[in-house]
Amino acid sequence: MEIIYKVLYSNRRSISAQIKNSKVLIRCPFNTPHKVINQFVLSNEKWIAKNLNKPTIDIVIEHNIKIEIIGQEFLVEKTDKKTEISGNTLRVHNYSNEDKRVKSFIQLIKTLVYPYFKERLDIYTRMMDTSYLTFKTTSANKRWGSCTSQKIVHLSYQCGFLPHKLFDYIIVHELAHIKYMNHSKQFWEYLSMYIPNYKDIRKELKKYNIIYKL
Ligand SMILES: [Zn+2]
């Protein structure tokens, strides 16, 4: 097969391949000859093909599209007016800068999901008989959640796009870190008391991609 790829040069030391949004990305040191890159791609053909054909679940965010957030359907709309939630419409101000449009959309989603995230977090906190210090929503991309040693739980706004069972897994995962600050055997055993099918859920989570076309 012919592999189409994009090359990203940087001051790294080695070549690596990555699949991002169903595209092949080759990262390599500055001045790497084309021949070397080509050779690398060829010798990793099997891995690339296998990972390219993995099923993905793409959540595309663009004008005039309906998306489900925390189980509710919303219409995304680019507008000349200010960025706001109006009923079931997510209005995003039509900034000329794409980055700005995406940022203002993310800000909107953060406000929207916060109460729901907090509610689920508190339900599981009681269920697991644990406690956290505080909770924050982040703008992280595909880093669904994290938990610091100070018991601060971070959840990415992107969790709002996930089905409930996947989102609940992330919450249980982060709360389990309050007891075990690592991914030890004990950690997974403890987590499996609440989410027995966590292995399937982890596989499912990897399929999700959030794609912006705003
Ligand atoms: Zn973890």
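Above this text is the structure in question.
Residues numbered from 1 in each chain as written. Predicted model: local features only at pLDDT ≥ 70, side-chain atom pairs only at ≥ 80, totals over all residues.

A. Quick peek at the sheet that holds strand 7 (residues 84-86). Pairing within the open sheet is mixed, and its four strands lie in the order 5-6-8-7. Looking at the sheet topology across the chains shown, the edges are occupied by strand 5 (65-69) and strand 7. Each strand of the sheet is rotated relative to its neighbour by a mean of 35 degrees, with strand direction disregarded. In this structure, strand 7 lies alongside strand 8 (residues 89-93), joined through three bridges in antiparallel fashion. Paired with Glu-84 across the two strands is Arg-91, which belongs to strand 8. (Pairing = 2+ DSSP bridges. Helix = DSSP H or I, 4+ residues; strand = E, 2+ residues; numbered from the N terminus. Axes fitted to C-alpha atoms, helices over the stretch in contact; angles between N-to-C directions.)

B. Quick look at the packing of helix 4 (residues 164-179) against helix 5 (residues 185-192). Between helix 4 and helix 5, the least distance of the axes is 10 Å, while the angle of their chain directions is 130 degrees. For the element pair helix 4 / helix 5, the angle class is oblique. When you trace helix 4 past helix 5, the crossing you get is right-handed. Contacts between helix 4 and helix 5 involve Val-172, His-173, Ala-176 and Lys-179 from the first element and Phe-187, Tyr-190 and Leu-191 from the second. In the contact of helix 4 with helix 5, the residues fall into five nonpolar, one polar and one charged. (Parallel < 35°, antiparallel > 145°, perpendicular 65-115°, else oblique. Left-handed = near helix turned anticlockwise from the far one by under 90°. Contact = placed C-beta atoms within 7 Å. Nonpolar A, V, L, I, M, F, W, Y, C, P; charged D, E, K, R; others polar.)

C. Region of the structure containing the sheet that holds strand 10 (residues 145-147). One open sheet holds the three strands; their spatial order is 9-11-10, and the pairing between them is mixed. Looking at strand neighbours, the two that pair on one side only are strand 9 (134-138) and strand 10, the edges of this open sheet. On average, adjacent strands in this sheet sit at an angle of 15 degrees to one another, irrespective of strand direction. As paired strands, strand 10 and strand 11 (residues 152-156) are joined by three bridges and run antiparallel to one another. Opposite Cys-147, over in strand 11, you have Val-153 as the bridge partner. Helix-sheet contacts for helix 4 involve strand 10 and strand 11, and the interaxial angle to strand 10 is about 15 degrees.

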